[in-house]
2 protein chains.
Amino acid sequence: MQTIDLIGSIAGALTTFAFLPQVIQTWRTRSAGDLSIAWLATFSAGVLLWAAYGFVLRSWPIIATNVLTLMLVSSLTVIKVREMETWRTGRRR
Amino acid sequence: MQTIDLIGSIAGALTTFAFLPQVIQTWRTRSAGDLSIAWLATFSAGVLLWAAYGFVLRSWPIIATNVLTLMLVSSLTVIKVREMETWRTGRRR
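Note that the coordinates shown come from a computational prediction; the quantities given were computed from them, not determined experimentally.

Some thoughts on the overall build of chain A
- Scanning chain A for helices and strands turns up 4 helices and 0 strands.
- Secondary structure elements of chain A occur, N-terminal to C-terminal, as α-α-α-α.
- Taking 2.2 N^0.38 as the reference for a compact globule, 93 residues should give roughly 12 Å; the C-alpha atoms of chain A span a radius of gyration of 16 Å, well beyond that estimate.
- Dimensions of chain A, computed from the C-alpha atoms along their principal axes, are close to 55 × 25 × 15 Å.
- A separation of at least 24 residues holds for 69% of the contacts in chain A among residues at least 6 apart in sequence.
- Carbon and sulfur atoms make up 68% of the accessible area of chain A, which amounts to about 5,200 Å² in all.
- For chain A, the separation between the mean place of its 9 positive charges and that of its 4 negative charges on side chains is 9 Å.

So, the interface of chain A and chain B
- The interface is formed by 32 residues belonging to chain A together with 32 residues belonging to chain B.
- Of the roughly 3,000 Å² buried between chain A and chain B, counting both surfaces, carbon and sulfur atoms make up 72%.
- Of all residues in chain A, A:I4, A:D34 and A:W39 bury the most surface against chain B, accounting for 22% of the area lost on that side.
- Taken together, the links from chain A to chain B amount to 0 salt bridges.
- Here chain A and chain B share 13 residue pairs in polar contact (both at pLDDT 80 or more) between them.
- Going through the elements one at a time, α1 (3-17), α2 (19-29) and α3 (37-57) of chain A are the ones with two or more residues in the side of chain A that touches chain B.
- Here the side of chain A that touches chain B takes 12 residues from α3(A), the largest share from any one element.
- Class assignment of the residues belonging to the side of chain A that touches chain B gives a composition of 20 nonpolar, 11 polar and 1 charged.

Quick word on the confidence of the model for chain A
- For chain A, mean pLDDT is 94; residues scoring 70 or higher make up 97% of the total.
- Least confident of the elements in chain A is α1(A), whose mean pLDDT is 94; most confident is α2(A), at 98.

Comments concerning the side chain of B:S75
Residues and elements named next belong to chain B.
- By the secondary structure assignment, S75 is in helix α4 (residues 60-88).
- On the basis of relative accessible area, S75 is assigned to the buried category, the value being 16%.
- Apart from the residues within four sequence positions on either side, S75 is in contact with V23 and W27.

Things to note about a nonpolar patch on the surface
Residues and elements named next belong to chain B.
- Taken together, the side chains of F17, L20, I24, V67, L68 and M71 make up a nonpolar region of the molecular surface, amounting to roughly 540 Å² of accessible area.
- Counting only elements with at least two residues in the nonpolar patch, the list comes to α2 (19-29) and α4.
- Element by element, the count of residues in the nonpolar patch is highest for α4, at 3 residues.
- Summarising the element assignment, M71 is placed in helix α4.

Let's talk about unusual backbone geometry
Residue and element names in this part refer to chain B.
- Despite not being glycine, R30 shows a phi value in the positive range, around 50°.
- With respect to the helices and strands, R30 occurs in the loop between α2 and α3 (37-57).
- Residue R30 is classed as partly exposed on the basis of its relative accessible area, which comes to 44%.
- For R58, which is not glycine, the phi dihedral falls at a positive 55°.
- Positionally, R58 belongs in the loop between α3 and α4.
- In this structure R58 comes out as exposed when scored by relative accessible area, which is 57%.

Some details on the UniProt feature "transmembrane region" (unreviewed entry) in chain A
All names here are of chain A.
- Per the UniProt record, "transmembrane region" (unreviewed entry) is found at residues 6-24, 36-56 and 62-81.
- Here residues 36-56 is 95% helix and 0% strand, with 30 Å between the C-alpha atoms at its ends.
- Between the C-alpha atoms that bound residues 62-81 there is a distance of 28 Å. The span itself is 100% helix and 0% strand.

Some details on the nonpolar core
- Membership of the largest hydrophobic core comes to 26 residues, with the highest contact counts inside it found for A:F19, A:W39, A:F43, B:F19, B:W39 and B:F43.
- Not counting residues up to four positions away in its chain, the partners in contact with A:F19 are A:W39, A:F43, A:T69, A:L72, A:V73, A:L76, B:W39 and B:F43.

Quick notes on the rules
- Residues numbered from 1 in each chain as written.
- Chains lettered and ligands numbered in written order.
- Predicted model: local features only at pLDDT ≥ 70, side-chain atom pairs only at ≥ 80, totals over all residues.
- Heavy atoms only, no water.
- Helix = DSSP H or I, 4+ residues; strand = E, 2+ residues; numbered from the N terminus.
- Rg over C-alpha atoms; globule rule 2.2 N^0.38 Å.
- Contact = heavy atoms within 4.5 Å.
- Areas by Shrake-Rupley, 256 points an atom, 1.4 Å probe, with all protein chains shown as cover.
- Lys, Arg positive; Asp, Glu negative; His and termini not counted.
- Charge placed at Lys NZ, Arg CZ, Asp CG, Glu CD.
- Buried area = accessible area lost by both parts, 1.4 Å probe.
- Salt bridge = Lys/Arg side-chain N within 4 Å of Asp/Glu carboxyl O.
- Polar contact = N/O pair within 3.5 Å; in protein donor to acceptor, adjacent residues only side chain to side chain.
- Nonpolar A, V, L, I, M, F, W, Y, C, P; charged D, E, K, R; others polar.
- pLDDT = per-residue confidence, 0-100.
- Buried < 20%, exposed > 50% of the residue type's maximum accessible area, 1.4 Å probe, protein only.
- Patch = residues over 30% accessible without salt bridge, like charges linked within 9 Å, V, L, I, M, F, W, Y side chains within 5 Å.
- UniProt positions renumbered as here; feature names shortened; annotations may be inferred.
- Core = buried A, V, L, I, M, F, W, Y, C linked by side-chain atoms within 4.5 Å.

Below is the structure:
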């Protein structure tokens, strides 16, 4: 593997697996008040488009890291949306 | 511009500018309790490495989007670390 590919692989692994501790914290605390829904929505759309980019290029590393990131971010969005619904219906924690 | 480059450009713009509403919310509320410091640290390291990847490839779009993302994420980290210090010294909100 060339140095440049190694740098890219480590970078991809870091920006993908970085979401793991965030997901663990958010599921453990069930608290997502400080997460911006606009960030979650826009970031998810971008990651989905990165996966599409990888699909067009037939680049499995780009597809795999972005699909995994999308799954992790989606689990944050689930907690966030549930929390917003709870707030909306007045059942505050 | 080819379709593939257009997809990549829109994807890059989305995953970078997605952090803008998060930064605005976090600076406005001064509340970062739901943000995982492990996520912020690992993601920042990954984004820095993506910028290095772009530098080696002499790819200005990769450098620019990742440097901008790193600046936005760093401003979240500043609030998070300040909040952790406040908690540590017992001056709770």
